[in-house]
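# Coordinate analysis (summary)
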Amino acid sequence: MLSIKNLKANVEGKEILKGIDLSVNKGEVHAIMGPNGSGKSTLANVLAGNKSYEVTEGEIIFEGKNLLEMEPEDRARDGIFLAFQYPIEIAGISNATFLKTALNEIRKYYGQPEIGTKEFMDLIREKSKLLGMDEALISRYVNVGFSGGEKKRNEIFQLLMLNPKLALLDETDSGLDIDALKIVANGVNLFKNQNNAVIVVTHYQRLLNYIIPDFVHVLYKGKIIKSGGKELALELEEKGYDWIKNEEPVEQNL
Amino acid sequence: MSETNKKQSASSGIEWYLEKFSSFENKLNGRFQSPIHEIRKKAAGLLFGMDFPTIKNEEWKYTNISPILKFNFIPSVNADVVNVTKEHIDSYVFNDFDYHLLVFVNGIYFRELSRAENLQDGIIIDSFGNLEKNNPELLKKYVNKFSIIDNAFNALNTAFAYDGAVVIIPDNLIVEKPIQILFLNVSEKENLLIQPRNLVVAGKNSQSKIIINYRGAGGKEYFDNIVTEILADENSVVDFYKVQKENENAFHIEKVQAVQKRSSVFNHYNFVFGGSLVRNDINSILDGEGIECHYYGLYLTNKKRHVDNHTFVEHAKPNCMSNELYKGIMDDESRGVFNGKILVRKDAQKTNAYQSNKAILLSEKARLDTKPQLEIFADDVKCSHGAAIGSLDELSEFYIRSRGVPEDIAKSMLIRAFASDVIEQTKIEELKEQLNHIVFEQLHRKEVTNK
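Reading guide: rules and limits
- Residues numbered from 1 in each chain as written.
- Chains lettered and ligands numbered in written order.
- Predicted model: local features only at pLDDT ≥ 70, side-chain atom pairs only at ≥ 80, totals over all residues.
- Heavy atoms only, no water.
- Patch = residues over 30% accessible without salt bridge, like charges linked within 9 Å, V, L, I, M, F, W, Y side chains within 5 Å.
- Areas by Shrake-Rupley, 256 points an atom, 1.4 Å probe, with all protein chains shown as cover.
- Salt bridge = Lys/Arg side-chain N within 4 Å of Asp/Glu carboxyl O.
- Lys, Arg positive; Asp, Glu negative; His and termini not counted.
- Charge placed at Lys NZ, Arg CZ, Asp CG, Glu CD.
- Helix = DSSP H or I, 4+ residues; strand = E, 2+ residues; numbered from the N terminus.
- Buried < 20%, exposed > 50% of the residue type's maximum accessible area, 1.4 Å probe, protein only.
- Domains from an automatic or database assignment.
- Contact = heavy atoms within 4.5 Å.
- Buried area = accessible area lost by both parts, 1.4 Å probe.
- Polar contact = N/O pair within 3.5 Å; in protein donor to acceptor, adjacent residues only side chain to side chain.
- Nonpolar A, V, L, I, M, F, W, Y, C, P; charged D, E, K, R; others polar.
- Pairing = 2+ DSSP bridges.

It is worth spelling out a positive patch on the surface at this point. Residue and element names in this part refer to chain A. The grouping of Lys-14, Lys-18, Lys-221 and Lys-223 at the surface amounts to a positive patch. Within the secondary structure, Lys-14 sits in strand β2 (residues 14-24). For Lys-14, a relative accessible area of 57% corresponds to the exposed category.

Here we come to the domain arrangement of chain B. Residue and element names in this part refer to chain B. Partitioning chain B into domains gives domain 1 (3-287) and domain 2 (394-451). Here the C-alpha centre of domain 2 lies 31 Å away from the C-alpha centre of domain 1. Listed as interface residues are 18 residues of domain 1 and, on the opposing side, 15 residues of domain 2. In total, about 1,400 Å² of surface goes out of reach between domain 1 and domain 2, with carbon and sulfur atoms giving 67% of it. Looking at the side of domain 1 facing domain 2, the largest losses of area belong to Phe-94, Phe-271 and Phe-273, adding up to 35% of the total buried there. Seen at the junction of domain 1 and domain 2, the total is one salt bridge. Between Asp-239 and Lys-427 there is a salt bridge, with its nearest N and O atoms 3.4 Å apart. Linking domain 1 to domain 2 there are five residue pairs in polar contact (both at pLDDT 80 or more). Sorting the residues of the side of domain 1 that touches domain 2 by element identifies β9 (207-219), β11 (237-245) and β13 (265-272) as the ones contributing at least two each. When residues of the side of domain 1 that touches domain 2 are assigned to their parent elements, the largest contribution, four residues, is made by β11. Of the residues contributing to the side of domain 1 that touches domain 2, the split by class is 10 nonpolar, two polar and six charged.

With that settled, consider the pairing of strand β6 (residues 179-187) of chain B. Residues and elements named next belong to chain B. Burial runs high along β6: nine of the nine residues are buried. Of the two faces of β6, the one lined by Ile-179, Ile-181, Phe-183, Asn-185 and Ser-187 and the one lined by Gln-180, Leu-182, Leu-184 and Val-186 are each fully buried. Across six bridges, strand β2 (residues 100-105) lies against β6 in parallel orientation. By the bridge assignment for β6, Phe-104 is matched with Phe-183. Where β6 lies against β9, eight bridges are found, and the strand directions are parallel. Bridge pairing in β9 places Leu-182 opposite Asn-213.

Turning our attention to the pattern of salt bridges. Pairs may arise between side chains of opposite charge once their charged atoms sit close together. What the rule picks out here adds up to 44 salt bridges over all chains. The salt bridge involving A:Lys151 is made with A:Glu89; its shortest N-O contact spans 3.0 Å. With A:Lys151 in helix α6 (residues 148-162) and A:Glu89 in the loop between β6 (80-83) and β7 (90-94), this residue pair connects regions lying 62 residues apart in the sequence. As a salt-bridge pair, B:Arg403 and A:Glu155 come within 2.7 Å of each other at their nearest N and O atoms. Separated into two different chains, B:Arg403 in the loop between α8 (394-401) and α9 (407-423) and A:Glu155 in helix α6 make up a pair that spans both.

This is how it looks when you write it as structure tokens:
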């Protein structure tokens, strides 16, 4: 589904990603872990097409397409979704209007008719119920006045509504209490199936108690220095990051 | 340039209008004898000694009015020269709520299409012209009592004061329906000088909502030169909405002068969508304790349009608050000016005065000149001002696009978000929606013309 080769990227002239190789197949959950400043969020943002990050080398192929040549909206329509670490507030635009616009743009891309009002409302009801979300939030402006937890939950709500092929969760667990964490993880697990994939970017292991990864990668100074199964996350939780910092970057062949 | 040449070029505009004054007087018929005419004659006398302001005048530093002086505008005294139907009017007024309606065409009252019947006891919702004929003494009590003549534009308006909207609300009356006033302007044959002379007198403990809506319906260049006087008497609440969507070739200048008495609340909303050269002067004198004054402004500019908003809040007495929020969305080569003056007099202790002015420049060639002016003579006050000029936030745009929404819609969503905290202040829900619609329409039209 996704193949990243020798990806290098700069932020404001400074090289953050220094050669990332990663492959993700359908049905897989990958966790990208690493200390602060290792490049985790950069990777997520580059995948979604944030232009503040400049790709200097390498390639990203997603479902056979060269992602680096695509605008963010085209990436989204082709099935990439980034749950933001810091979701943006948009005053004056309700969640419902925002989601309906997004959904219809995606449907238009696939030559489908616009979603009917009833169908849309049913979908909203179904998905918000899964997340235990107050339906009143739907008519409120996008993220305006939402608590940190509500914003993160709203990202997962958007994920369920738009139902992409690849979900990128950028520090979705940060700032969440344990109850909110469980709800968010539950949402992601409901999303996950054999035809899509999830990349969880996180500093801490605790989210991975609820979203069980198939693979764990450790990112350090812009390179993946260790990959393993879910037990690697536990090991990191126990020992911290120091013990692997001197490891050589791994070649990944999955 | 010789001294005589200079004088000629500076005052040629004034001379043209002074020459028109006697033929204007002939059209007044009986009103020639009214006490209001004394006010007009006095203003004409003042006009005689004046020049239109130039950029050498500090108050007009960023606004060059010379495009207005290229035309010899004809004072408008006739509404029926253009064919206006109810359908026409319906497409301009704000709908989906109950309201009283005054309609003016080219500044002249249009009785057939106005709807100001079944009024609550004692309220007057009428035209300046009717009142001058029927109750000139009442009109005289207020006209030119709040606004002093301080430049050639308001002198010109006063000298040729002929028609406009008058709302007089008795003490203790809560006006149930908003009062909507439509000024529809169509300069079909001549370049018209349209000079609404508006008056709002809100009695003690009264509450009212007024929507004044200036619209252009095509045609030649015209000059809409307005003076609006407002008295908010003790403990009254006045919500005053101004929506301006004149023709793209129209000139629009308005002076609003509000006088507020003890414990009154005056909310002025200023939505600027049209006009080629626009100047708004919005002034309030807070002449009593416990007064609140709020100014909200939203202006959309594009092409080579020029919009100048000058506000002036004078705190004359203690324990008052004023709050100002102005936002601009500027595109192409348009120019904007924001000049916000707050004067706190020596007696006005415990004053709270805030001012915020923000603009988004959508083009590198758009430009805003902004100047806050705080003059504080009392020592126990809280005053602050802030100005921010920027472009659309790239991260926010990325957020929206990352959901599959294309760039142009993402941008217009962000513009709407930027404008929303001004529009959100609107207390009439239906008006809010229709204002949002105008904002969208204005932005959409731009996309179409760009293609």
